[in-house]
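Residue-level listing of the chains:
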Amino acid sequence: MTRCIACGGLLEVRHQAPPLRGTALRAELDRRVGGSGVWRFRELVLPATAEPVSYPEGNTPLIASAAVAGFAGVAGLTLKHEGLNPTGSFKDRGMTVGITQARRVGAQAVVCASTGNTSASLAAYGALAGIRVCVLVPAGKIALGKLAQTVGFGAQVLAVRDDFDACLRLVEESSEQLGWYLLNSINPFRIEGQKTIVFELLQQLKWEVPDWIVLPGGNLGNTAAFGKALREALELGLIDRLPRLAVIQATGAAPFARSYAERFQHRYEVQADTVATAIRIGNPASWERAVTAIRESNGVVTAVSDAEILEAKTVIDRAGIGCEPASAASLAGVRRLVAAGTIAPSARVSAVLTGHMLKDPESLLGARHPVQEIEPSLDAMRAILD
Ligand code: F0G
């Protein structure tokens, strides 16, 4: 079950508090190096597990780039590159916990709806665990790299003639009817794993809290996870204050940004469209808990156009870092919030890159990136180079 039978709201996992707190807990966590960047935080994620299903995952780099910082207008900008997880997106952090839990409850089959990354990750972790995987994706609307991975890892792929929001409705209904274990981020164990993006980031910053953490928002599971991670880090004395969260949506898929502008008085649902197919979502499932995350962190939500996303992506790619379009919304958002005066140029900002550059080859090989074909001769080369 993912929902409360009384109110229909999403369930949350609460663990018993770990024995250590504050600097003692920090020291213990800092003592653990290597292994999985998720299971290093085991007592904060899934304490009772004997044997996790793990690659391992996590331990992603925090990258500083003068070119990217210059574009954003913030010298103190770092990029947490979650695209460098085993299947190329942050989803692996939630999936290692989700599949571990699926095995723990004896699931015979697992199912998810996805814009591509969740399905690739579920296909991989399902294969690792030897559990049957079925995924529902919006037909023709997921990036080629993600589809190829999902098929390659051996999942059954059903392309639904509708959008992601329809896939999510269908997957909730079907998982209930078929008795298959649901592994979208409405599953609270996914959220527990995704919290470790924040724990690992804080640790890499030597527990010095940044002023801002910036991430793209689609279904808002990650926003919910970030909010929960920060709340727990504060409660456990790992940090002494909260950073502000900035959630960035694409203008064609921005119901949450629209609602934020009206102090969350209304919940909106839109017909989503954006080049950033990962966040092409019109009715985010983790809405309430994302509102809580924004309110508690004094956060902001904004939207950036497809043109801004692609511009930011080119800057990240040309800096030698690379990411998929949805990830570049983070950088486009920082730039926009600096221009608006919301983020100070002197602020310490960490932006999350959620997916790998190779996820979406079509976005790279359009008319803007021409490849020139030549005869195999020096003359032919010279003719072009001149
Ligand atoms: N960035 C990437 C690369 C994503 O794949 C997603 C979500 C997000 C950002 C947004 O995260 O949904 O937690 O707000 N992808 C999901 C999927 C929907 O099916 O792979 P969110």
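In this text, all values refer to a predicted model and were calculated from it rather than measured experimentally. (Residues numbered from 1 in each chain as written. Predicted model: local features only at pLDDT ≥ 70, side-chain atom pairs only at ≥ 80, totals over all residues. Heavy atoms only, no water.)

Participant: Can you help me understand the environment of Ala246 in this one?
Facilitator: Checked against the element boundaries, Ala246 lands in strand S8 (residues 244-250). With a relative accessible area of 0%, Ala246 lands in the buried category. Ala246 sits 203 residues away from Glu43 along the chain, and the two C-alpha atoms are 27 Å apart. The residues touching Ala246, leaving out its near neighbours within four places in the chain, are Trp212, Ile213, Val214, Leu215, Val300 and Leu337. (Helix = DSSP H or I, 4+ residues; strand = E, 2+ residues; numbered from the N terminus. Buried < 20%, exposed > 50% of the residue type's maximum accessible area, 1.4 Å probe, protein only. Contact = heavy atoms within 4.5 Å.)

Participant: What should I look at first to understand the state of the cysteines in this one?
Facilitator: By definition, a disulfide links two cysteine residues through a covalent bond between their sulfur atoms. One pass over the full model with this rule turns up zero disulfides. In this structure Cys4 is not part of a disulfide, and its nearest cysteine sulfur, from Cys7, lies 3.8 Å away. (Disulfide = S-S within 2.5 Å.)

Participant: I keep staring at the site of the ligand and nothing clicks. Help me out?
Facilitator: As a structural note, the neighbourhood of the ligand is formed by 20 residues, with Ser114, Asn117, Gly218, Leu220 and Thr354 the closest of them. Contact distances for the ligand include 2.8 Å between an oxygen atom and a side-chain N or O atom of Asn117. Contact distances for the ligand include 2.7 Å between a nitrogen atom and a side-chain N or O atom of Thr354. Relative to its unbound accessible area of 480 Å², the ligand is 98% covered by the protein chains. (Near = heavy atom within 4 Å. Polar contact = N/O pair within 3.5 Å; in protein donor to acceptor, adjacent residues only side chain to side chain. Areas by Shrake-Rupley, 256 points an atom, 1.4 Å probe, with all protein chains shown as cover.)

Participant: It is not clear to me how unusual backbone geometry should be interpreted in this structure. Could you clarify?
Facilitator: The general pattern is negative phi for most residues beyond glycine and trans for most peptide bonds. Going from Tyr55 to Pro56, the amide bond is cis rather than trans, its omega being 15 degrees. For Pro56, the position within the fold is in the loop between helix H2 (42-45) and strand S1 (62-63). Notably, Lys206 is not glycine yet its phi reads approximately 55 degrees, a positive angle. With respect to the helices, strands and loops of the structure, Lys206 is situated in the loop between helix H9 (196-204) and strand S7 (212-216). Of the residues examined, Lys206 reaches a relative accessible area of 64% and is grouped as exposed.

Participant: Please explain the sheet that holds strand S4 (residues 132-138) as it appears in this structure.
Facilitator: What holds strands together in a sheet is hydrogen bonding between their backbones, with the strands either parallel or antiparallel. Pairing within the open sheet is parallel, and its four strands lie in the order S5-S4-S3-S6. The open sheet has two edge strands, strand S5 (156-160) and strand S6 (181-182), and neither has a second partner. Strand direction decides the pairing type here: strand S3 (residues 109-113) and S4, joined by five bridges, are parallel. Note on S4: the bridge partner recorded for Val110 is Val133. (Pairing = 2+ DSSP bridges.)

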